[in-house]
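Structure assessment
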Amino acid sequence: MDGAGLPETRSACPYCGVGCGVLLRPDGQGGMDVRGDPDHPANFGRLCSKGSALAETVGLSQRLLTPRIAGRETGWDETLQLVADKFSEAISQHGPDSVAFYVSGQLLTEDYYVANKLMKGFIGSANIDTNSRLCMASSVAGHKRAFGTDTVPGTYEDLEEADLVVLVGSNLAWCHPVLYQRVLAAKTQRGTRIVVVDPRRTASCDGADLHLALRPGSDVALFNRLLAEIYQGGAFDADFLRNTTGFDAAIQTAMGDDVSVTGLSEQELAAFCKLWVGTEKVVTIYSQGVNQSTSGSDKVNAILNCHLATGRIGKPGCGPLSVTGQPNAMGGREVGGLANMLACHLDLENPDHRNTVRDFWSSSSVPEAPGLKAVDMFRAVGDGRIKALWIIHTNPAVSMPEANAVQDAIARCPFTVVSDITANTDTARLADVLLPATAWGEKDGTVTNSDRTISRQRSVLAAPGQARADWDILAEVGRRMGFEDAFDYQTPAEIFREHAALSGMAGQIGRDFDISALADISDNAYADLVPVRWPVTPNRIGGRFFGDGNFFHADKKARLLPVSWRPPAAKTGPRYPYRLNTGRLRDQWHTMTRTALSPRLSAHLPEPFVDLHPDDAATAGIEPADLVRLSSRAGTGILRARISDTVQPGQLFASMHWTGETAPSARIDALVEAATDPVSGQPESKASVVAMTRY
Ligand code: SF4
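Residues numbered from 1 in each chain as written. Predicted model: local features only at pLDDT ≥ 70, side-chain atom pairs only at ≥ 80, totals over all residues.

**Considerations on the overall build of the chain**
For the record, the criterion: Each helix corresponds to a stretch of at least 4 residues labelled H or I by DSSP, and each strand to a stretch of at least 2 residues labelled E; elements are numbered beginning at the N terminus. Throughout, radius of gyration means the C-alpha value; the globule benchmark is 2.2 Å times the number of residues raised to the power 0.38. Two residues qualify as being in contact provided that their C-beta atoms, derived from the backbone, are within 7 Å of each other.
Counting secondary structure elements, the chain contains 23 helices and 26 strands. Its C-alpha atoms give the chain a radius of gyration of 24 Å, within 12% of the compact-globule value 26 Å for 695 residues. By principal-axis analysis of the C-alpha atoms, the chain measures approximately 70 × 65 × 55 Å. Sequence separation of 24 or more characterises 75% of the internal contacts of the chain that already satisfy a separation of 6 or more.

**Quick word on the sheet that holds strand 1 (residues 9-12)**
Rules: Two strands pair under a simple rule: DSSP has to find at least two bridges between them. A fitted line through C-alpha atoms serves as each axis, taken over the contacting stretch for helices, and the angle formed by two N-to-C directions is quoted from 0 to 180°.
Taken together, the 3 strands give an open sheet; going across it, the order is 1-2-3, and neighbouring strands pair in antiparallel fashion. In this open sheet, the two edge strands, each paired with only one partner strand, are strand 1 and strand 3 (32-36). Ignoring strand direction, the axes of neighbouring strands in this sheet form an average angle of 35 degrees. In this structure, strand 1 lies alongside strand 2 (residues 21-26), joined through 4 bridges in antiparallel fashion.

**Description of the confidence of the model for the chain**
Rules: What pLDDT reports is the predictor's confidence in each residue, on a scale of 0 through 100.
Scored by pLDDT, the chain comes out at a mean of 95, with 99% of its residues at no less than 70. This prediction of the complex comes with two scores: 0.97 for pTM and 1.00 for ipTM.

**Some thoughts on the site of the ligand**
In plain terms, the rule: For each residue, a C-beta atom is positioned from the backbone; the residue is called near a molecule or strand if that atom sits within 6 Å of it. Domain delimitation follows an automatic or database domain assignment.
Near the ligand lie 14 residues; those nearest to it are Cys 13, Tyr 15, Cys 20, Cys 48 and Gly 51. Sorting the residues of the shell around the ligand by element identifies helix 1 (49-52) and helix 7 (177-190) as the ones contributing at least two each. Taken domain by domain, the makeup of the shell around the ligand includes at least three residues from each of domain 1 (9-57) and domain 3 (137-323).

**Some words on the sheet that holds strand 19 (residues 532-533)**
Sheet architecture is open: 3 strands sit in the order 17-18-19, paired in antiparallel fashion. Both outer strands of the open sheet, strand 17 (445-448) and strand 19, are each paired with one neighbouring strand and no more. As paired elements, strand 17 and strand 18 (residues 453-457) share 4 bridges and run antiparallel to each other. Each residue of the ladder has a partner; that of Val 447, found in strand 18, is Ser 455.

**What about the packing of helix 8 (residues 219-232) against helix 13 (residues 296-309)?**
Short version of the rule: By the definition adopted for this analysis, an angle is roughly parallel if under 35 degrees, roughly antiparallel if over 145, roughly perpendicular if from 65 to 115, and oblique otherwise. Take the far helix as the reference: if the near one is turned anticlockwise from it by less than a right angle, the crossing is left-handed, and if turned clockwise, right-handed. Side-chain classes follow a simple rule in which Ala, Val, Leu, Ile, Met, Phe, Trp, Tyr, Cys and Pro form the nonpolar group, Asp, Glu, Lys and Arg form the charged group, and the remainder, Gly included, forms the polar group.
Contact pair helix 8 / helix 13: the axes reach a minimum separation of 8 Å and the direction vectors enclose 15 degrees. The pairing of helix 8 with helix 13 is recorded here as roughly parallel in orientation. Crossing handedness for the pair helix 8 and helix 13: left-handed. Across the interface between the two elements, Asp 219, Val 220, Phe 223, Asn 224, Leu 226, Leu 227 and Ile 230 from helix 8 touch Asp 298, Lys 299, Ala 302, Ile 303, Asn 305, Cys 306 and Ala 309 from helix 13. In terms of residue class, the contact of helix 8 with helix 13 is made up of 9 nonpolar, 2 polar and 3 charged.

**Concerning the packing of helix 16 (residues 374-382) against helix 18 (residues 403-412)**
Close contact between helix 16 and helix 18 brings their axes to 8 Å; oriented N to C, the two are set at 50 degrees. When the axes of helix 16 and helix 18 are compared, the pair comes out oblique. Relative to helix 18, the crossing made by helix 16 is left-handed. In this structure, helix 16 uses Phe 378, Val 381 and Gly 382 to contact helix 18, whose residues at the interface are Ala 405, Val 406, Asp 408, Ala 409, Ile 410 and Arg 412. Tallied by class, residues from the contact of helix 16 with helix 18 come to 6 nonpolar, 1 polar and 2 charged.

**Some points on helix 15 (residues 351-361)**
Condition: Residues with at least 20 other C-beta atoms within 10 Å of their own are called buried, those with 12 or fewer are called exposed, and the rest are partly exposed. The C-beta atoms themselves are positioned from the backbone. An arc is given here, and it is the one of the directions from the helix axis to the C-beta atoms.
Listed as buried for helix 15 are His 353, Thr 356, Val 357 and Phe 360. Taken around the axis of helix 15, the buried residues stretch over an arc of 90 degrees, which confines them to a single face. Turned more than 90 degrees off the buried face of helix 15, the exposed positions are Pro 351 and Asp 359. Packing partners of the buried residues in helix 15 comprise helix 20 (492-508).

**Description of the domain arrangement of the chain**
Segmenting the chain into domains produces domain 1 (9-57), domain 2 (68-133 + 330-490), domain 3 (137-323) and domain 4 (578-694). Taking the mean C-alpha position of each, domain 2 and domain 4 sit 30 Å from one another. Elements supplying a minimum of two residues to the side of domain 2 that touches domain 4: helix 17 (396-399) and helix 18.

**Concerning the environment of Arg 594**
Here Arg 594 lies in the loop between strand 21 (578-583) and helix 22 (599-602). On the neighbour-count criterion, Arg 594 (25 C-beta atoms within 10 Å) is buried. Look past the residues within four positions of Arg 594 in its chain and what remains in contact with it is Thr 57 and Trp 589.

Encoded structure:
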């Protein structure tokens, strides 16, 4: 059947946190055409290479279509009963903290909500964490420390209104390409200047006016220098500072910090500070180079300090903007999908907040103590404390730091369930039970992008085989564990309404995430929901936060934090002389489950490589295209050498996408040690130390 006559359906791209809108037209043969949605406020019709190749990735060739127990194809009834029984058995024998869920920013908000409710409201543990821990946990911690809530103050429209955009630890051109296109368009139209703060010279530097190639991990010292200059030049906003506390202490600490650790010249520092201080409308975009660090939370607060000190927040063209890696990292934060959060930006450590959630869910209790964050969770799996583990839409055997140890831990876990769209992942191969879930194009629900815009993902393809929605699978396990009433959902719209109603209670006690005006949304209105930026209340839709100086700490004031530079956890030395930075490629996504299905995406950079500086190549006797062996205390890898001055001497860069399936010798997270930020628990994925030899 020719699908040309079928209407287009609005949905959202499943990759990065830009959250682009797409228009899908099924072709009637199991595939579809995809184009950018000209009416979506994130992209106005633009798509990057990954988004425009979506139609190439929806085939069924590697799909998991049937539940499996120990490799045997089964039915849902037998499989879900086994899952419910095994989790119930572990809880009754070893307590609720003996089980854990490790979920993903790929989940839709409705899926996430049910997973979090099951673990925190009914199992009675906070042992649910997400691969967003590897992505933006430091931003969450920084926001909460400064603002009292995990609030993104600004909007994407600020990019068109800014006169200076600073990219910190963000290769926006590759990792959030449509936002980079918006920044470049602003540069053409209004002369917006661009500064890139990154140890590497990335594609984002092509459009930059200034590139500060600082030493890895020294961002706090750079922004402390900026804060000191703001103070000494009298560029602070005394009126706005009345809405804050901590200015004096932050200034004192900043003045005492050692900017020489950045390795930047006085000329570069002066040029940056002059540009920043002299430009009223500044947006600072930050991403994994900031977050994936043992001082990630402090880096975030060092940036926020500068915006708060100058009142450059919550106004058109001004503010900090954390860009999330995944399509629904923000939705996961909204439902409390991290081990130290509650739903609707309520705080686990606050008894009133816990009681609000407990009463709303009619559950017997909500745990007081945070659960295990990702790194600690897999350590607990490895040492036998976790008896039953459910991994949903993520591949920790590849993507977690110390991936070899994580792989071994999962293999040893007494009972592991994996929900995914394929059985061909390093993690799925270790599972006792495999649950076939619906994929993008088949799923139905909502996601929230990096500027708080909630969009619908809609299904245009029938669920293949026995695949089911994640919320449906989770709810049925909840019912089979004895929580029939709490998980009696029939549609994602019901879950959305419940989440929106809870957000209204959160809003009443002074939280930022409030979409209560959608709590009574009809099924039809949910089906037709257009992109909307939260909050969505009877009095307010969208907009910016904090321009009015009202923050979410009890005293309504923001906090400037005194933060000092700290070096990365691992130190280079004679045994491990190189610092390894890891990151994304333009045309691949995570562990390639989907993007590897597209020939044109795979053609971009088809094999694993490591970038090294010509001086280091000469020292190590490495020629272009040689194979090199990298080794760390955690593992080894073999990659193709690309000799390039895009990296500084002593530094290396390798991508994080390759798996045991696609390139077993290049699982780069096997080399990354699991050092974490003490506040956020986020691992340091960009400053490992390694040895390098010609292979
Ligand atoms: Fe998808 Fe991100 Fe590309 Fe937009 S920029 S099309 S959301 S991958």
